[in-house]
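Listed below are the residues making up each chain.
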Amino acid sequence: MGRTNHHVVIEQRALRLGEKFILCKGATVRSLAEDENFSKSTVHKDLAERLKDIDLDLYGKVRAKLDANKEEKHLRGGEATKQKYLSLKQSR
């Protein structure tokens, strides 16, 4: 069975998301999903699974950035918590 138009649209979306993810400094799955108006699950599946079968070179670059973001995640969360409590302290 050949590729349907639906599959082509999904592949094009995965390629577009992968390219944008690599090009945008500081991009996260969450920020890309919000910017593109897709769910985080859709963006993650496109980047982490579908892209591998479409463009292996782009997938490798995306995978490296996904892994780096995962390593930095706790730092961003800690900074967000710090800012929250500083904001609360200043508002008192």
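Predicted, not measured: the structure shown is a model, and the values here were computed from it. For every chain, the first residue of the written sequence is number 1, and numbering continues from 1 onward in sequence order. Local features in this predicted model are restricted to residues whose pLDDT is 70 or higher, and side-chain atom pairs enter the listing and the counts only when it is 80 or higher, whereas totals over whole chains, interfaces and linings include all residues. Side-chain metrics in this entry use all non-hydrogen atoms of the structure; hydrogen atoms and water are not considered.

For the rest of this paragraph, the subject is the overall build of the protein chain. Strands here are runs of E lasting at least two residues and helices are runs of H or I lasting at least four, both read from the DSSP assignment and numbered beginning at the N terminus. Along its length, the protein chain carries four helices and zero strands. If you list the helices and strands of the protein chain from N to C, you get α-α-α-α. Taken over the C-alpha trace, the protein chain has a radius of gyration of 17 Å; the compact-globule value for 92 residues is 12 Å, which it surpasses by more than 25%. Projecting the C-alpha coordinates of the protein chain onto the three principal axes gives extents of approximately 65 × 25 × 20 Å. Burial classes: relative accessible area under 20% of the type maximum marks a residue as buried, over 50% as exposed, and values in between as partly exposed (1.4 Å probe, protein chains only). The burial tally for the protein chain puts 25% of its 92 residues in the buried class. Look at the contacts in the protein chain between residues 6 or more apart in sequence, and 53% of them connect residues 24 or more apart. Accessible surface for the protein chain amounts to roughly 6,900 Å². Of this, 53% is attributable to carbon and sulfur atoms. Side chains of the protein chain carry 20 positive and 14 negative charges; the gap between the two charge centres is 8 Å. In this setup the radius of gyration rests on C-alpha atoms only. A globule is expected at 2.2 Å times the number of residues raised to 0.38. Working rule for contacts: check all heavy atoms of both residues, and any pair within 4.5 Å makes them a contact. Computed with a 1.4 Å probe, the accessible areas rest on the Shrake-Rupley method; for each residue, only the protein chains presented here act as cover. Only four residue types enter the tally: Lys and Arg on the positive side, Asp and Glu on the negative side, with His and both chain ends excluded. Charged groups are reduced to one reference atom each: NZ for lysine, CZ for arginine, CG for aspartic acid, CD for glutamic acid.

What follows concerns the nonpolar core. Core analysis: the largest hydrophobic core is formed by 15 residues, its most contacted members being Phe 21, Leu 32, Val 43, Leu 47, Leu 51, Val 62 and Leu 66. Those elements giving two or more residues to this core turn out to be α1 (5-23), α2 (29-36), α3 (40-54) and α4 (56-90). Leave out the neighbours within four places in its chain, and Leu 66 touches Phe 21, Val 29, Leu 47 and Ala 48. Within this scheme, the nonpolar core is defined by two criteria: the residues are buried Ala, Val, Leu, Ile, Met, Phe, Trp, Tyr or Cys, and they are joined through side-chain atoms within 4.5 Å.

Turning our eyes to something else, we now look at the packing of α2 against α3. With their axes 8 Å apart at the nearest point, α2 and α3 run at an angle of 115° to one another. Considered as vectors, α2 and α3 are oriented roughly perpendicular to each other. Here α2 runs over α3; the crossing is right-handed. Side by side, α2 and α3 meet where Val 29, Arg 30, Leu 32 and Ala 33 of the first sit next to Lys 40, Val 43, His 44 and Leu 47 of the second. The axes are straight lines fitted to the C-alpha atoms, using for helices just the contacting stretch, and the angles between their N-to-C directions are given from 0 to 180°. Roughly parallel here means an angle under 35 degrees, roughly antiparallel means over 145, roughly perpendicular means 65 to 115, and every remaining angle is called oblique. By definition, turning the near helix anticlockwise from the far helix through less than a right angle yields a left-handed crossing, and turning it clockwise yields a right-handed one.

On to a positive patch on the surface, then. On the surface, Arg 30, Lys 40, Lys 70 and Lys 73 cluster together into a patch of positive charge. Taking relative accessible area as the criterion, Arg 30 reaches 55% and is therefore assigned exposed. Patch members must show over 30% relative accessible area and no salt bridge, and they are joined within 9 Å when carrying like charges or within 5 Å when they are nonpolar side chains of Val, Leu, Ile, Met, Phe, Trp or Tyr. We count a salt bridge whenever a side-chain nitrogen from Lys or Arg sits within 4 Å of a carboxyl oxygen from Asp or Glu.

This next bit is on unusual backbone geometry. At Asn 37, a residue that is not glycine, the phi angle is positive and equals roughly 65°. By the secondary structure assignment, Asn 37 is in the loop between α2 and α3.

A few words on the confidence of the model for the protein chain. Chain-level pLDDT for the protein chain is 89 on average; 92% of the residues reach the 70-or-more range. Summarising per-element confidence for the protein chain, the mean pLDDT is lowest in α4 (82) and highest in α3 (96). Confidence of the predictor in every single residue is expressed as pLDDT, which spans 0 to 100.

Interaxial distance between α1 and α3 falls to 9 Å at its minimum, and their mutual angle equals 105°. Classified by the angle their axes make, α1 and α3 are roughly perpendicular. Together, Ile 10, Glu 11, Arg 13, Ala 14, Leu 15, Leu 17, Gly 18 and Phe 21 of α1 and Thr 42, Val 43, Asp 46, Leu 47, Arg 50, Leu 51 and Ile 54 of α3 make up the contact between the two elements. Under the convention adopted here, Pro, Cys and the residues Ala, Val, Leu, Ile, Met, Phe, Trp and Tyr are nonpolar, Asp, Glu, Lys and Arg are charged, and Gly plus all remaining residues are polar. By residue class, the composition of the contact of α1 with α3 is nine nonpolar, two polar and four charged.

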